[in-house]
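# An overview of the molecular structure
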Amino acid sequence: MKDITMIKYFSIVQALCRSALATPNDAVLHQIKRLQDSFEKDGLNKEAKSLEGILSSSQASTEMSPSKMQKSFIVTTGEEITKKTAIPVDKETSTPLAEIFFPESLPEEEPLFDKNIELAIQLVIDEWNKFDQLIEVDANPASSCLIYGAPGTGKTHLAMWIAKQIGLPVVLARLEGLMSSYLGTTSRNIGNLFAFANRYNCVLLLDEFDAIAKLRNDPQEVGEVKRVVNTLLQSLDSRRGKGFTIGITNHESLLDPAIWRRFDIQVEIPKPNPEVMIHLLKKFVSPLEFDDNEIKFLAWCLEGSSGADAQMLAKWLKRSIVLNKDNNFIDMMKQFSLLNSGRVETTKRNVMLHNDDQFINMLLNDKMYSFKQKDIASLFGMRASTLSKQLSKHKDTEKI
Ligand SMILES: Nc1ncnc2c1ncn2[C@@H]1O[C@H](COP(=O)(O)OP(=O)(O)OP(=O)(O)O)[C@@H](O)[C@H]1O
Ligand SMILES: [Mg+2]
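Heads up: these notes are all about the structure in this document.

Cut-off values and rules
Residues numbered from 1 in each chain as written. Chains lettered and ligands numbered in written order. Predicted model: local features only at pLDDT ≥ 70, side-chain atom pairs only at ≥ 80, totals over all residues. Heavy atoms only, no water. Buried < 20%, exposed > 50% of the residue type's maximum accessible area, 1.4 Å probe, protein only. Helix = DSSP H or I, 4+ residues; strand = E, 2+ residues; numbered from the N terminus. Pairing = 2+ DSSP bridges. Contact = heavy atoms within 4.5 Å. Core = buried A, V, L, I, M, F, W, Y, C linked by side-chain atoms within 4.5 Å.

## A closer look at the pairing of strand 3 (residues 170-173)
The alternating pattern of strand 3 places V170 and L172 and V171 and A173 on opposite faces, both of which are buried. Here strand 1 (residues 98-101) pairs with strand 3 via 4 bridges, running antiparallel. Within strand 3, the position partnered with E99 by the bridge is L172. For strand 3 and strand 4 (residues 203-206), the ladder comprises 3 bridges, and the chain directions are parallel. Across the sheet, L172 pairs through a bridge with L205, a residue of strand 4.

## Some words on the side chain of N189
Here N189 lies in helix 10 (residues 185-199). Of the residues examined, N189 reaches a relative accessible area of 0% and is grouped as buried. Look past the residues within four positions of N189 in its chain and what remains in contact with it is D90, L97, G177 and L178.

## A word on the nonpolar core
Ranked by internal contacts, the top residues of the largest apolar core, which has 38 residues, are L281, F297, W300, M333 and F359. At the level of secondary structure, the elements contributing two or more residues to this core comprise helix 13 (274-285), helix 14 (292-301), helix 15 (307-323), helix 16 (329-339), helix 17 (346-354), helix 18 (356-364), helix 19 (373-379) and helix 20 (384-399).

Any functional reading would require information that these geometric values do not contain.
This is the structure we're talking about:
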């Protein structure tokens, strides 16, 4: 009977040992060794082996790098998620409440933003990686971050990449599992999800967060929403000191102000500026090669669009080039603007499609991108002198 009780609580014993070994001393080592011996004596071989493993990995990391032991108190106290860890499910439908992404499957590639945002994000990562040093000086490091901004700006990619930098698996909340039409079930699911995330070393990612964190005073919604948001507030509070949490939304205005306040950091991800758009396009069109002038023109066409739109355009160009090798560059972009009306701004699209002279003038007069006559001639596949003649003819007709 005694043995069964011990096995039942063994995960807590393991967590206790790991957290004691975060700052190891002789007494701690001695007591854990004693426990290991007792397990062995009582025939609890699996448990004894596990303690032996905890002791030897603690010794290895002390020898390898003394500073590593101090990396993060939180990281050393929670349990490790493995491929075998049972993910909580909705009790009525058995739909999982989360999906796990292990660090090796998280994106390697750093998302591209302007310098200020990149610096701000690096600060978030540095804070987490130096969590214990900051705690020691009572600096209250940030452990929750709300990322918001327009669709397709790379928010989910960014959150996954941050987790990769921190080196922890992501517990991604699954809305279809969490949300239930039964009264009270959504709240229970949220509670279970947070209990799971608090138990393990992980980054909890609440993507499309607005779906569960709606304003409590929305007249369209009844008492249940209030209950859900209250549970969410308590759950976010319960996560303090337990791990990193990232919330993402496209609809920040829908979030309850109390939810906003729970996040230590709030980062707005803007649509890419021309410089960032050029970088994104260069990255996405690879392995195709376009010259700088062509890339600049693509960025001009996509002005005001998102990184996801740049990715979409790159895929479209690859398809068009493979399927229709003879198509010239400008004609391809005319077709793109016709088939992607939401991605190319209306005035630009109308001019591109209906009047080449106006199109050329629009490019020439664009202050932000400052195309030269020779660049435009090359885009249209004509000589600079032909373009120059065409423009002066146009000017003459305008005078008449
Ligand atoms: N700034 C960026 N840097 C790198 N990749 C980007 C960027 N913006 C968008 N992308 C790419 O576009 C695609 C969509 O990005 P992602 O899903 O992260 O956007 P999102 O902001 O989460 O969109 P949504 O609001 O629709 O959920 C991804 O493949 C991502 O890699
Ligand atoms: Mg997203």
